[in-house]
Each structure stands twice: as C-alpha cells, then as structure tokens.
Amino acid sequence: MRIYLGAGLLITLSIMGQNRALAQGTPQGTPEQQQACQPDVMRLCGNFIPDVDRIVACLKYNEPNLNPACHDVMFPYVPEEPKPKARPKAKPKKKKAEPR
C-alpha cells in the first residue's frame, strides 16, 4: 500500500513541477519544486491519492493552508507585462476667427 501511495505522490509532484516549469518556459521542474508539496499533499489531500487531477484541485482549493514552498509551486509569481503608456491627448486646434 505504501508503494502505491508513493507512486501516486511522485506522479503528482512531477506534474506540479512540470506545470510550474511550463509556466516559466523550462522543460521540467526541479526535484526541489516537485518535493515542495509532498507534506501538503499528505496532510491536506492524501485521501485523493493517486488521482492527480483531484490532488491538484485539492491543493488549489487549500491555497491559504499551503506551506510557502508549495504555494510558490502551485501559484508561481508571473510578472505582468508592462502596459503601454497612454499618449497625451493632442490639444484641439483653435479655429481662426473668420473676417467679417
């Protein structure tokens, strides 16, 4: 039974590491990223092992309860691209008074 749980956890952590890596444009997550959520998976979502989709959903649902390392894996900071600056509006040209 322990091997089965370990295999499910390994698959989950691998996928979570890859999700973050894909967001960052790298081919795969590091072992540190993959292991960051292991305690939270066991503590919060162990009853969903080996269902990877449900474990990931459980971790996202439990965002406020995640340890900081797991939170960084599940919710990576992705800076927004700077918005273009608004151009100042051109002042309307004054019409010349027509001679009478």
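Provided above is the structure to which this section pertains.
First, a word on what this report is: a plain description of the structure on this page.

Cut-off values and rules
- Residues numbered from 1 in each chain as written.
- Predicted model: local features only at pLDDT ≥ 70, side-chain atom pairs only at ≥ 80, totals over all residues.
- Heavy atoms only, no water.
- Buried < 20%, exposed > 50% of the residue type's maximum accessible area, 1.4 Å probe, protein only.
- Helix = DSSP H or I, 4+ residues; strand = E, 2+ residues; numbered from the N terminus.
- Arc of directions from axis to C-beta.
- Disulfide = S-S within 2.5 Å.
- Core = buried A, V, L, I, M, F, W, Y, C linked by side-chain atoms within 4.5 Å.
- Polar contact = N/O pair within 3.5 Å; in protein donor to acceptor, adjacent residues only side chain to side chain.
- Contact = heavy atoms within 4.5 Å.
- Axes fitted to C-alpha atoms, helices over the stretch in contact; angles between N-to-C directions.
- Parallel < 35°, antiparallel > 145°, perpendicular 65-115°, else oblique.

**Thoughts on helix H3 (residues 38-45)**
For an α-helix the count is 3.6 residues per turn, leaving residues at separations of three or four pointing the same way. All of the buried residues along H3 are Asp-40, Val-41 and Cys-45. Summarising the axial view, the buried residues of H3 lie within an arc of 100 degrees, below the 170-degree limit, and thus occupy one face.

**Some details on the state of the cysteines**
Enumeration according to the criterion identifies two disulfides in this entry. Note on cysteine connectivity: Cys-37 is disulfide-linked to Cys-70, with sulfurs 1.9 Å apart. Here the S-S torsion is close to 100 degrees, and the disulfide linking Cys-37 with Cys-70 is therefore right-handed. One end of the pair, Cys-37, is in the loop between helix H2 (31-35) and H3; the other, Cys-70, is in helix H5 (residues 68-74), and 33 residues separate them in sequence.

**Regarding the nonpolar core**
Ranked by internal contacts, the top residues of the largest apolar core, which has 14 residues, are Cys-37, Val-41, Ile-55, Leu-59 and Met-74. Residue assignment for this core shows that the elements contributing at least two residues are H3, helix H4 (52-61) and H5. Take this core: its biggest share by element is five residues, from H4.

**Comments concerning the side chain of Asp-40**
Within the fold, Asp-40 resides in helix H3. A relative accessible area of 2% means that Asp-40 is categorised as buried. Side-chain polar atoms of Asp-40 contact the side chain of Asn-67, separated by 2.9 Å. Once you skip the residues sitting within four places of it in the chain, Asp-40 turns out to touch Cys-45, Leu-59, Asn-65, Leu-66, Asn-67 and Cys-70.

**What about the packing of H3 against H4?**
Contact pair H3 / H4: the axes reach a minimum separation of 10 Å and the direction vectors enclose 90 degrees. Taken as axis vectors, H3 and H4 run roughly perpendicular relative to one another. From H3, Asp-40, Val-41, Leu-44 and Cys-45 reach across to H4, where they touch Ile-55, Cys-58 and Leu-59.

**A look at H4**
Listed in full, the buried residues belonging to H4 are Val-52, Ile-55, Val-56, Cys-58 and Leu-59. Across the axial projection of H4, the buried residues extend over an arc of 160 degrees, all falling on one side. Exposed side chains of H4 directed beyond 90 degrees from the buried face belong to Asp-53 and Tyr-61. Its side-chain oxygen at 3.3 Å from the backbone nitrogen of Asp-53, Asp-51 defines the N-terminal cap of H4.

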